[in-house]
Amino acid sequence: MNSRRSFLQNTLLGGLAAGTADFWAKALPAFEKPDKNAFPVVIATWAPNLKANAAAWEILSKGGYALDAVEAGVHVPEADPRDTSVGYGGFPDRDGHVTLDACIMDERGMAGSVSFLEHIMHPISVARRVMEKTPHVMLVGEGALQFALSEGFKKENLLTDVARKALEEWKVTSKYKPIINVERHDTIGMVAIDMQQRIAGACTTSGAAFKMHGRVGDSPIIGAGMFVDNEVGGAASTGLGEMVLRTLGSFLVVEEMRRGVHPQKAAEIAVKRIVRKYPKQSEEAQVGFIAMDKRGRHGGYAIHPGFSFVVYQREENKVYESAGFLAK
Ligand code: ASP
């Protein structure tokens, strides 16, 4: 390359890099001077996930990586047969299949996802392998299973007796109507910031109980069930996935925070968007969001009261009861 051209190119790239830094400094006034004591921090959907938070904290408090923390955190409900909406023990679809959806995202904005995956206890770890070992973001169904097996994951039966019995009972009426907050330990969505202020997120679920075979919800869709942007923060959702899919809820929350909106307000904006667009469906179904910005400030909000979330920060693992927009 002649020297004039390379000089021009270098100058241009240098200018661009400096310009980008300036742009962010101006665009994100809310992220100046974060309180260092705010880190590490982890937030997750639903009160029973205090244990998941604790598993993530184990890693974070030792200076570990946010991505490792969210993966280890969501492993807890994935392996717990008493949690009937995540992983092992999850309620099946109406044909008796436990089909799992999960996604993960790191501080570089890289992402991995699996959907309609059967027989694997920890779909989140398969999602991470998709991110790290394939040129793709998302693998589904049989292909996802083949990939998992080739990576050494074990094929297991995830349908418990309790879940099989619940399906038998459901078949008596076969009414498909997800009930607001009935489990109170729905999908887990988790966002963590480590000591180096790297942000990661994870989301994992067995989806809506007794769904149609082949149904995929919001949870494995980057931007719907979960989204993080290291410049801004992260968000995740739980509840009736169809309403989150149509509004790309987690992305919306993060984009609101990008404008400097507090995470609590950002979660409220996403909930209100759903209610405004789908007023009738919103009366009958729950959606909740958690949100956390790069400063470690957090919030959560839902269509109906009864949603809860958990935050581990400054050595304290705490349950927050979310307000609901349609509180009676
Ligand atoms: N959001 C999940 C889905 O629609 C389910 C849930 O959170 O309960 O698949």
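For the structure itself, consult the block above.
A brief look at the structure comes next.

Observations regarding the overall build of the protein
Stage number 1. Across its full length, the protein carries 10 helices and 12 strands.
Stage number 2. Within the span of the protein, comprising 328 residues, buried residues form 55% of the whole.
Stage number 3. Considering only contacts in the protein between residues 6 or more positions apart, those separated by 24 or more positions represent 66%.
Stage number 4. Counting every atom, the protein has about 14,500 Å² of accessible surface; 57% of that belongs to carbon and sulfur.

Some points on the sheet that holds strand β9 (residues 287-293)
Stage number 1. The antiparallel open sheet is built from 4 strands, whose spatial order is β7-β8-β9-β10. At either end of the open sheet lies a strand with only one pairing partner, and these are β7 (226-229) and β10 (298-302). Each strand axis lies, on average, 10 degrees off the axis of its neighbour in the sheet, ignoring direction.
Stage number 2. Sheet topology note: the β9/β10 ladder contains 5 bridges and is antiparallel.

Structural notes on the site of the ligand
Stage number 1. Around the ligand, the structure places D186, T187, G207, A208, R215, G217, D218, S219, T238, G239 and G241.
Stage number 2. A distance of 3.1 Å separates an oxygen atom of the ligand from a polar atom in the side chain of T238.
Stage number 3. Contact with the protein chains hides 94% of the accessible area of the ligand, taken as 270 Å² for the molecule alone.
Stage number 4. In terms of residue class, the shell around the ligand is made up of 1 nonpolar, 7 polar and 3 charged.

Concerning the side chain of D93
Stage number 1. Note that D93 resides in the loop between α3 (66-79) and β2 (100-105).
Stage number 2. Within the buried core, D93 has no salt-bridge partner, and the shortest N-O distance to an opposite charge, that of K211, equals 6.3 Å.
Stage number 3. One polar contact links the side chain of D93 to the main-chain amide nitrogen of D95, over a distance of 2.9 Å.
Stage number 4. With sequence-adjacent residues up to four places away left out, D93 is seen in contact with T99, L167, F210, K211, M212, H213 and G214.

Points about the packing of helix α4 (residues 123-133) against helix α5 (residues 141-150)
Stage number 1. Between α4 and α5, the least distance of the axes is 10 Å, while the angle of their chain directions is 85 degrees. Between α4 and α5, the angle is such that the two are roughly perpendicular. For the pair α4 and α5, contact is made by V126, R129 and V130 and by A144, F147 and A148, respectively.
Stage number 2. Across the contact of α4 with α5, the residue classes break down as 5 nonpolar, no polar and 1 charged.

Brief notes about the nonpolar core
Stage number 1. Membership of the largest hydrophobic core comes to 46 residues, with the highest contact counts inside it found for M243, V253 and F289.
Stage number 2. Membership of the second largest hydrophobic core comes to 36 residues, among which are L67, A69, V86 and A102.

Quick look at unusual backbone geometry
Stage number 1. In this structure, the amide linkage connecting F39 to the following residue, P40, adopts the cis form with an omega of 0 degrees.
Stage number 2. Within the secondary structure layout, P40 lies in the loop between α1 (3-27) and β1 (41-45).
Stage number 3. Unlike most non-glycine residues, S174 shows phi in positive territory, near 55 degrees.
Stage number 4. One can find S174 in the loop between α6 (161-173) and β5 (188-193).
Stage number 5. Owing to a relative accessible area of 39%, S174 belongs among the partly exposed residues under this scheme.
Stage number 6. Even without being a glycine, L248 presents a positive backbone phi close to 50 degrees.
Stage number 7. Inspection of the secondary structure assignment puts L248 in the loop between α7 (241-247) and α8 (249-258).

Examining the packing of α3 against α4
Stage number 1. Taken N-terminus to C-terminus, the directions of α3 and α4 make an angle of 150 degrees; their axes are 8 Å apart at the nearest point. Compared by their axis directions, α3 and α4 come out roughly antiparallel. Note on element contacts: α4 touches α3 through P123, I124, S125, R128, M131 and E132, opposite L67, D68, E71, V74, H75 and E78.
Stage number 2. Taken together, the residues of the contact of α3 with α4 break down into 5 nonpolar, 2 polar and 5 charged.

Digging into the environment of L240
Stage number 1. For L240, the position within the fold is in the loop between β8 (233-239) and α7.
Stage number 2. With residues up to four places along the chain from it excluded, the contact list for L240 reads P178, Q281, A285, Q286 and V287.

Some words on the pairing of β5
Stage number 1. By the criterion of burial, β5 is predominantly enclosed, with 6 of the 6 residues buried.
Stage number 2. Residues I188, M190 and A192 of β5 are buried on one face, and the alternating residues G189, V191 and I193, pointing to the opposite face, are buried as well.
Stage number 3. Where β1 and β5 come together, 4 bridges link them in antiparallel fashion. If you follow A44 over to β5, its bridge partner there is M190.

Here we look at α6
Stage number 1. Of all the residues in α6, the buried ones are A163, A166, L167 and W170. Along α6, the residues classed as buried sweep out an arc of 100 degrees about the axis, all on the same side. More than 90 degrees from the buried face of α6, the exposed residues found are D161, K165, E169 and V172.
Stage number 2. Downstream of α6 by one or two residues, S174 has phi in the positive range, about 55 degrees.

How each quantity is defined
Residue positions within a chain follow its written sequence, with the count starting from 1. The model is predicted, so local features are restricted to residues of pLDDT at least 70 and side-chain atom pairs to those at 80 or more, both for listing and for counting; the totals for chains, interfaces and linings are taken over all residues. Side-chain measures were taken over the full set of non-hydrogen atoms in the model, leaving aside hydrogen atoms and water. Only DSSP runs of H or I with at least four residues qualify as helices, and only runs of E with at least two residues qualify as strands; both kinds are numbered from the N terminus onward. Throughout, exposure labels follow a simple rule: accessible area from a 1.4 Å probe, protein chains only, divided by the maximum for the residue type, with under 20% read as buried, over 50% as exposed, and the rest as partly exposed. Residue contacts are defined here by distance: any two heavy atoms, one from each residue, within 4.5 Å place the two residues in contact. Computed with a 1.4 Å probe, the accessible areas rest on the Shrake-Rupley method; for each residue, only the protein chains presented here act as cover. Pairing between two strands is assigned when DSSP locates at least 2 bridges connecting them. Lines are fitted to the C-alpha atoms to define the axes, a helix being fitted only along its stretch in contact, and any angle between axes, read from their N-to-C directions, falls within 0 to 180 degrees. Any residue with a heavy atom lying within 4 Å of a molecule or strand is counted as near it. The term polar contact refers here to a pair of N or O atoms within 3.5 Å; inside protein, the definition further demands a hydrogen-donor-capable atom paired with an acceptor-capable atom, and it admits residues adjacent in sequence only when both atoms are side-chain atoms. Ten residues, namely Ala, Val, Leu, Ile, Met, Phe, Trp, Tyr, Cys and Pro, are considered nonpolar, four, namely Asp, Glu, Lys and Arg, are considered charged, and the remaining ones, Gly among them, are considered polar. Counted as positive: Lys and Arg. Counted as negative: Asp and Glu, with His and the chain ends omitted from the count. One side-chain nitrogen of Lys or Arg within 4 Å of one carboxyl oxygen of Asp or Glu is enough to make a salt bridge. Here is the rule for angles: anything less than 35 degrees is roughly parallel, anything more than 145 is roughly antiparallel, 65 through 115 is roughly perpendicular, and the remaining ranges are oblique. Throughout, nonpolar core names a set of buried Ala, Val, Leu, Ile, Met, Phe, Trp, Tyr and Cys residues whose side chains join them through atoms within 4.5 Å. Throughout, the arc means the angular range of directions from the helix axis out to the C-beta atoms.

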